[in-house]
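Chain by chain, the residues run as shown.
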Amino acid sequence: MKFISSTDPKLIYTFSQALLKGLADDGGLIVVDQLPKLEINQFSETQGYTYFSRQLLHEFMSGDPLDADLPLRCKNAFNYKFPLLKLSQNTFMLELFHGPTLSFKDFGARFLAQSFDAMALKNKITIFVATSGDTGSAVASAFHKLSNINVVILYPAGKVSNRQAHQITCWKDNVFSLAVDGNFDDCQRLMKAAFQDEWFQNNLHLSTSNSINLGRLLPQVCYYAFCSLSYFRHRHTKPGFVIPTGNLGNATAAYWAKAMGFPIREIVLATNANSVIPDYLNTGNFQARASIPTLANAMDVGNPSNLQRLQFLFPKFETFKENVRAMSVSDDIIKRTIVDVHRHQDIIMCPHTATAYHVRQQLSNEPWIIVATAHPAKFNNVIEPLLDIKLKVPVQLARLLAKKTHVEGLEPNLDALKAWAQNHISS
Ligand SMILES: *Cc1c(COP(=O)(O)O)cnc(C)c1O
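Residues numbered from 1 in each chain as written. Predicted model: local features only at pLDDT ≥ 70, side-chain atom pairs only at ≥ 80, totals over all residues. Heavy atoms only, no water.

Within the protein, the regular secondary structure consists of 18 helices and 14 strands. Taken against the 2.2 N^0.38 rule, which gives 22 Å for 427 residues, the C-alpha radius of gyration of the protein at 20 Å falls within 12% of a compact globule. A burial count over the protein gives 61% of its 427 residues as buried. Of the roughly 16,600 Å² of accessible surface on the protein, 47% is carried by carbon and sulfur atoms. Looking at the protein, you have 41 positive and 35 negative side-chain charges, and the mean spots of the two groups are 5 Å apart. (Helix = DSSP H or I, 4+ residues; strand = E, 2+ residues; numbered from the N terminus. Rg over C-alpha atoms; globule rule 2.2 N^0.38 Å. Buried < 20%, exposed > 50% of the residue type's maximum accessible area, 1.4 Å probe, protein only. Areas by Shrake-Rupley, 256 points an atom, 1.4 Å probe, with all protein chains shown as cover. Lys, Arg positive; Asp, Glu negative; His and termini not counted. Charge placed at Lys NZ, Arg CZ, Asp CG, Glu CD.)

So, in structure tokens, the structure goes:
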């Protein structure tokens, strides 16, 4: 398997390089030149997830030094459950939020941290993360206290929930958080600008653990592969997935699993009011936009960076359109869905999961799996007033909420970030 830049196939990387670099040298995303069609009968979901994920990740990593350590790293990274609940005859929910920071982002962040740890880095590297809410805490938790790694988290000040903010800022040691005066796109732009900047390149060994990092994407491929395979083996039909989508990382992972031959019938994306993907499908013309704040804030993205990866997979717009379906869901409908599902099914969903639930209601009678991306307790500010209840706080969250927070504000420009880095980070 060859790892190349999505915008220049002559730029080729090993697996370890792809993880360390995050982005290709020309600013493109690192992709697999051709995803292999796998013989899925060789995969067994009965021997547990650690075994399954290392079997699948080995396909990508074979020949790389990281491959040797893979069993241990998968065991350390994926040490919690992700149950599939049956909601009704043809509707299921895949709960990906039982990790240490209560969103699906824990899968990717923990695997990436384990991989960096396995590399036993000789130089101190600095990882920049732009987060719309949940990546920051997942990465902080996964990388906290790893040696030779600094983590700098950029999050949009005032645009994440209080509990998300607490989970991002309750670290110290090698983890720094910066509250950027701007939105998620500003954070992402700042991070990309740092990568292209000579001072940063010369003074820090930079990497990123954003969802553009291949080491985040691949562990997400694993749970779609595992879930679809076990669904198929038990029920003899292929499920579709409905995926709450912002930066298109989680969705791209599902498309990769499907392209490699895992039994996924169809994939439908649910966005919030940031409807750039549904609009692209309607017009054939992609227009990035400034993101607007919604209740499903981790999906407030106006320029999804993984779009390049999906376009690499489906280069012609016609093929793209045949494979990608997407619907946008307003805040009003998110609220109504949370209330209705609580009343009729006694299930409490986070606002992101509610977008997918609503989209599923618009779809066929075939089997669909709604991907539940975060635990509702992270969004008590939205849910408690809506349902007039007090949410239980899971132990993982309670532990973090008891910690003191540390954060600095940052103007959304590269000079400000440089000045901060000069004072706080050494390589
Ligand atoms: C990050 C996130 C999403 C969006 O995932 P992408 O990979 O950015 O599309 C959806 N829901 C929650 C809870 C998230 O944290």
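As enumerated under the stated definition, the model contains three cavities of 30 Å³ or more in all. Put simply, the largest cavity is a space of about 290 Å³. Lining the largest cavity we find 27 residues, and of these Phe104, Lys105, Gly246, Asn247 and Ala298 sit closest to its centre. If one sorts the elements of the lining of the largest cavity by residue count, helix α10 (residues 249-259) sits on top with three residues. In this model, the second largest cavity occupies a volume close to 40 Å³. (1 Å grid on protein atoms, 1.4 Å probe; cavity = no way out; pocket = protein on both sides within 12 Å on 5 of 7 lines; lining within 4 Å. Points joined across faces, edges and corners; volume = space filled by probe spheres on them.)

Looking now at the sheet that holds strand β2 (residues 8-13). Taken in spatial order, the three strands of this open sheet run β2-β1-β3, and their pairing is antiparallel. For this open sheet the edge positions go to β2 and β3 (30-32), each flanked by a neighbour on one side alone. If you compare each strand with its neighbour and ignore which way they point, the axes differ by 45° on average. One ladder, built from three bridges, connects strand β1 (residues 3-5) with β2; its direction is antiparallel. By the bridge assignment for β2, Ser5 is matched with Asp8. (Pairing = 2+ DSSP bridges. Axes fitted to C-alpha atoms, helices over the stretch in contact; angles between N-to-C directions.)

Our next topic: the site of the ligand. Taken together, 15 residues form the shell around the ligand, and within it Lys105, Asp134, Gly246, Asn247 and Asn250 come nearest. Asn247 is positioned such that a nitrogen or oxygen atom in its backbone is 2.8 Å from an oxygen atom of the ligand. In the model, an oxygen atom of the ligand is placed 2.8 Å from a nitrogen or oxygen of the Asn250 main chain. Bound to the protein, the ligand loses 98% of the 380 Å² it would expose on its own. Here the residues of the shell around the ligand sort into six nonpolar, seven polar and two charged. (Near = heavy atom within 4 Å. Polar contact = N/O pair within 3.5 Å; in protein donor to acceptor, adjacent residues only side chain to side chain. Nonpolar A, V, L, I, M, F, W, Y, C, P; charged D, E, K, R; others polar.)

Throughout the structure, instances matching the rule amount to 27 aromatic pairs. An angle of 75° between the planes, with centres 5.2 Å apart, marks the rings of Phe52 and Phe226 as edge-to-face. One end of the pair, Phe52, is in helix α2 (residues 49-61); the other, Phe226, is in helix α9 (residues 214-235), with 174 residues separating them in the sequence. The same class applies to Phe52 and to Phe226, which are both buried. For the cation-ring pair, Arg265 lies above Trp368, with the distance from its terminal atom to the ring centre recorded as 4.5 Å. (Phe/Tyr/Trp six-rings, centres within 6.5 Å; stacked < 30°, edge-to-face > 60°. Lys NZ or Arg CZ within 6 Å of the ring centre and 35° of its normal.)

On the surface, Lys145, Lys172, Lys403 and Lys404 cluster together to form a positively charged patch. Tracing the backbone through its elements, the reader meets Lys403 in the loop between α17 (395-401) and β14 (408-410). (Patch = residues over 30% accessible without salt bridge, like charges linked within 9 Å, V, L, I, M, F, W, Y side chains within 5 Å. Salt bridge = Lys/Arg side-chain N within 4 Å of Asp/Glu carboxyl O.)

This part covers the packing of α2 against α9. Contact pair α2 / α9: the axes reach a minimum separation of 10 Å and the direction vectors enclose 125°. In terms of their interaxial angle, α2 and α9 are classed as oblique. In this structure, α2 meets α9 at a crossing whose hand is right-handed. Contacts between α2 and α9 pair Tyr49, Phe52, Ser53, Leu56, Leu57 and Phe60 from the former with Leu218, Pro219, Val221, Cys222, Tyr223, Ala225, Phe226 and Leu229 from the latter. In terms of residue class, the contact of α2 with α9 is built from 13 nonpolar, one polar and no charged. (Parallel < 35°, antiparallel > 145°, perpendicular 65-115°, else oblique. Left-handed = near helix turned anticlockwise from the far one by under 90°. Contact = heavy atoms within 4.5 Å.)

Counted under the stated rule, the structure contains 13 salt bridges. The salt bridge involving Arg265 is made with Glu266; its shortest N-O contact spans 3.6 Å. Overall, Arg265 belongs to the partly exposed group, its relative accessible area being 22%. Taking relative accessible area as the criterion, Glu266 reaches 21% and is therefore assigned partly exposed. Linking Glu384 and Lys390 is a salt bridge whose minimum nitrogen-to-oxygen distance equals 3.4 Å. Glu384 gets classed as buried once you look at its relative accessible area, which sits at 12%. For Lys390, a relative accessible area of 72% corresponds to the exposed category. Among the charged side chains, a network of salt bridges with common partners joins Arg265, Glu266, Arg325 and Glu366.

Turning to the state of the cysteines, a few remarks are in order. Tallied over the entire structure, the rule returns zero disulfides. Counting only cysteine sulfurs, Cys187 is the nearest neighbor of Cys170, a cysteine outside any disulfide, at a range of 18 Å. By relative accessible area, Cys170 is classed as buried at 3%. Take Cys222: it sits in no disulfide, and the sulfur closest to it among the cysteines is that of Cys74, at 6.8 Å. (Disulfide = S-S within 2.5 Å.)

Backbone-to-backbone hydrogen bonds pair the strands of a sheet. The strands run either parallel or antiparallel. Read from one edge to the other, the open sheet built from five strands follows the order β9-β6-β7-β8-β14, with strand pairing classed as parallel. One side of each edge strand has no neighbouring strand; the edge strands of this open sheet are β9 (205-208) and β14. The average angle at which neighbouring strand axes cross in this sheet is 30°, direction not considered. Together, β6 (125-130), β7 (149-156) and β8 (175-180) form the strand contacts of helix α5 (residues 135-143), whose direction differs from that of β7 by roughly 165°. Seen against the sheet, helix α6 (residues 162-169) touches β7 and β8 and runs at an angle of roughly 160° to β7.

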